[in-house]
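Coordinate analysis (summary)
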Amino acid sequence: MPPNKRNVEGCCTAGTFWKLKLRASMASAAAKTPTRSEVLSLFRCLLRTGRDFCDYNVREYTKRRTIDAFRSNRSLSDQQSVSAAYADGKEQLAIAKRQAIVYSLYSPKVKSIMELNQV
């Protein structure tokens, strides 16, 4: 059955349910423009979450991606685009937190060459 069709009981399929839930959360997030302190808090949370990764390469990628995303969205002035970028950032934060947990479960036993102390 296609994911956007209703099943016989009249309930939405799982894929459609999550799409509707995502749209509803984005609509509620778009209704309120985030303040400067909320945006800076999101930035700091993303950087802190990036530090939780065990792997050097992933830590640096998360840091670089966060800084680049905030720099590219610095010039946004439209209320809707600011709200959409903030909602996307919140989603990325949730993903990063989940991934940090997964990476910690399967962290490599050997450190990267970048993490070894140079004597």
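Everything below is about the structure shown above.
The present account deals with the structure reproduced in this document. From a predicted model like this one, the values you see are computed outputs, not experimental measurements. (Residues numbered from 1 in each chain as written. Predicted model: local features only at pLDDT ≥ 70, side-chain atom pairs only at ≥ 80, totals over all residues. Heavy atoms only, no water.)

**Description of the packing of helix H2 (residues 36–51) against helix H4 (residues 79–105)**
The interhelical angle for the contact between H2 and H4, taken along N-to-C directions, is 20°, at an axis separation of 10 Å. Here H4 runs roughly parallel to H2, going by the angle between their axes. In this structure, H2 meets H4 at a crossing whose hand is left-handed. On H4, the residues that touch Glu-38, Val-39, Leu-42, Cys-45, Leu-46 and Thr-49 of H2 are Tyr-86, Gly-89, Lys-90, Gln-92, Leu-93, Ala-96, Lys-97 and Ala-100. When its residues are assigned to classes, the contact of H2 with H4 shows eight nonpolar, three polar and three charged. (Axes fitted to C-alpha atoms, helices over the stretch in contact; angles between N-to-C directions. Helix = DSSP H or I, 4+ residues; strand = E, 2+ residues; numbered from the N terminus. Parallel < 35°, antiparallel > 145°, perpendicular 65-115°, else oblique. Left-handed = near helix turned anticlockwise from the far one by under 90°. Contact = heavy atoms within 4.5 Å. Nonpolar A, V, L, I, M, F, W, Y, C, P; charged D, E, K, R; others polar.)

**A few points about H4**
Here H4 is 27 residues long and its end C-alpha atoms lie 40 Å apart, about the 39 Å a rise of 1.5 Å per residue gives. For H4, every residue scored as buried is listed here: Val-82, Ser-83, Tyr-86, Ala-87, Gly-89, Leu-93, Ala-96 and Ala-100. (Expected span 1.5 Å × (residues − 1). Buried < 20%, exposed > 50% of the residue type's maximum accessible area, 1.4 Å probe, protein only.)

**Some remarks on the side chain of Thr-62**
Within the element layout of this structure, Thr-62 appears in helix H3 (residues 56–72). By relative accessible area, which is 13% here, Thr-62 ends up buried. A polar contact of 2.8 Å, which involves the side chain of Thr-62, links it to the backbone oxygen of Val-58. Once residues lying within four places of it in the same chain are set aside, the contact partners of Thr-62 are Leu-46, Gly-50 and Phe-53. (Polar contact = N/O pair within 3.5 Å; in protein donor to acceptor, adjacent residues only side chain to side chain.)

**Quick notes on the packing of aromatic side chains**
Across all of its chains, the model carries two aromatic pairs by this definition. For the pair Phe-43 and Phe-70, a centre-to-centre distance of 4.9 Å together with 70° between the ring planes defines the contact as edge-to-face. Of this pair, Phe-43 sits in helix H2 while Phe-70 sits in helix H3, placing them 27 residues apart in sequence. Phe-43 gets classed as partly exposed once you look at its relative accessible area, which sits at 22%. Looking at Phe-70, the relative accessible area reads 24%, which means it is partly exposed. The interplanar angle of 85° and the centroid separation of 5.5 Å between the aromatic rings of Phe-53 and Tyr-103 together place this pair among those described as edge-to-face. Of this pair, Phe-53 sits in the loop between H2 and H3 while Tyr-103 is found in helix H4, placing the two residues 50 residues apart along the sequence. On the basis of relative accessible area, Phe-53 is assigned to the buried category, the value being 5%. Relative accessible area serves as the criterion here: at 34%, Tyr-103 is assigned to the partly exposed category. (Phe/Tyr/Trp six-rings, centres within 6.5 Å; stacked < 30°, edge-to-face > 60°.)

**Things to note about the environment of Val-110**
The residue Val-110 is located in the segment after H4 in this model. For the pair Val-110 and Asp-55, spaced 55 residues apart in sequence, the C-alpha separation works out to 9.8 Å.

**Side note on the packing of H2 against H3**
Helix-helix packing: each pair is described by the crossing angle between the helix axes and the interaxial distance. Where H2 meets H3, the closest approach of the two axes is 8 Å, and the angle between their N-to-C directions is 165°. Viewed along their axes, H2 and H3 adopt a mutual orientation that is roughly antiparallel. Considering only the axes of H2 and H3, their crossing is right-handed. Contacts between H2 and H3 involve Val-39, Leu-42, Phe-43, Leu-46, Leu-47, Gly-50 and Arg-51 on the former and, on the latter, Arg-59, Thr-62, Lys-63, Thr-66, Ile-67 and Phe-70. The residue makeup of the contact of H2 with H3, split by class, is seven nonpolar, three polar and three charged.

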